[in-house]
Amino acid sequence: MPVFFVCAGLLGLLVVLLTVNVGRMRGTKKINLGDGGDPEMIAAIRAHANLIEFAPLCLLLIYIASDFYGFWVTAGLSALLLLTRVLHAGGMLNVIPQGRFFGATGTTLVLAITSIMLVISGFNLRQY
């Protein structure tokens, strides 16, 4: 479980970095609200928003799955989620070539795999 918490914390720090990036860009480009139609601003906002849209749900599902699947599965999914979210943000900001594609694909796989694992676990639970 320590890997999960480290990855969750690092994802939180990534949110902070992307938030600061949007704020810095707003100041530099003098765009107080919205994106001003600026492609760089749009990408910065979407990189931040996409992380906020996917990371919490994925982390929650991984945390719940940890009760059924143990340390290595939890650690692997957590590390993969962190890697894919960094790739995606780097791709959105044109820092990592192909990062957006691999990040989005990897995040979707983590979400799908973890969801399927929980469905299977749910069917195997016995209620008394």
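All values reported here derive from a predicted model rather than from experimental measurement.

> Would you mind going over helix H1 (residues 2-29) in detail, with residue names and values included?
Between its terminal C-alpha atoms H1 stretches 40 Å, which fits the 40 Å expected from 28 residues at 1.5 Å a residue. Within H1, the full set of buried residues consists of Phe4, Cys7, Leu11, Leu14, Leu18, Asn21, Val22 and Met25. Buried-residue contacts for H1 involve helix H2 (39-92). Among the residues trailing H1, Lys30 stands out with phi positive, at a value near 55 degrees.

> Describe the packing of H2 against helix H3 (residues 99-124), and please don't skip the residues or the numbers.
The interhelical angle for the contact between H2 and H3, taken along N-to-C directions, is 165 degrees, at an axis separation of 7 Å. Between H2 and H3, the interaxial angle falls into the category roughly antiparallel. Considering how the two elements wind past one another, H2 and H3 form a crossing that is left-handed. Classifying every residue of the contact of H2 with H3 by side-chain character gives 23 nonpolar, ten polar and two charged.

What counts, and where the lines are drawn
Residues numbered from 1 in each chain as written. Predicted model: local features only at pLDDT ≥ 70, side-chain atom pairs only at ≥ 80, totals over all residues. Heavy atoms only, no water. Helix = DSSP H or I, 4+ residues; strand = E, 2+ residues; numbered from the N terminus. Expected span 1.5 Å × (residues − 1). Buried < 20%, exposed > 50% of the residue type's maximum accessible area, 1.4 Å probe, protein only. Contact = heavy atoms within 4.5 Å. Axes fitted to C-alpha atoms, helices over the stretch in contact; angles between N-to-C directions. Parallel < 35°, antiparallel > 145°, perpendicular 65-115°, else oblique. Left-handed = near helix turned anticlockwise from the far one by under 90°. Nonpolar A, V, L, I, M, F, W, Y, C, P; charged D, E, K, R; others polar.

The analysis is restricted to geometry; functional conclusions fall outside its scope.
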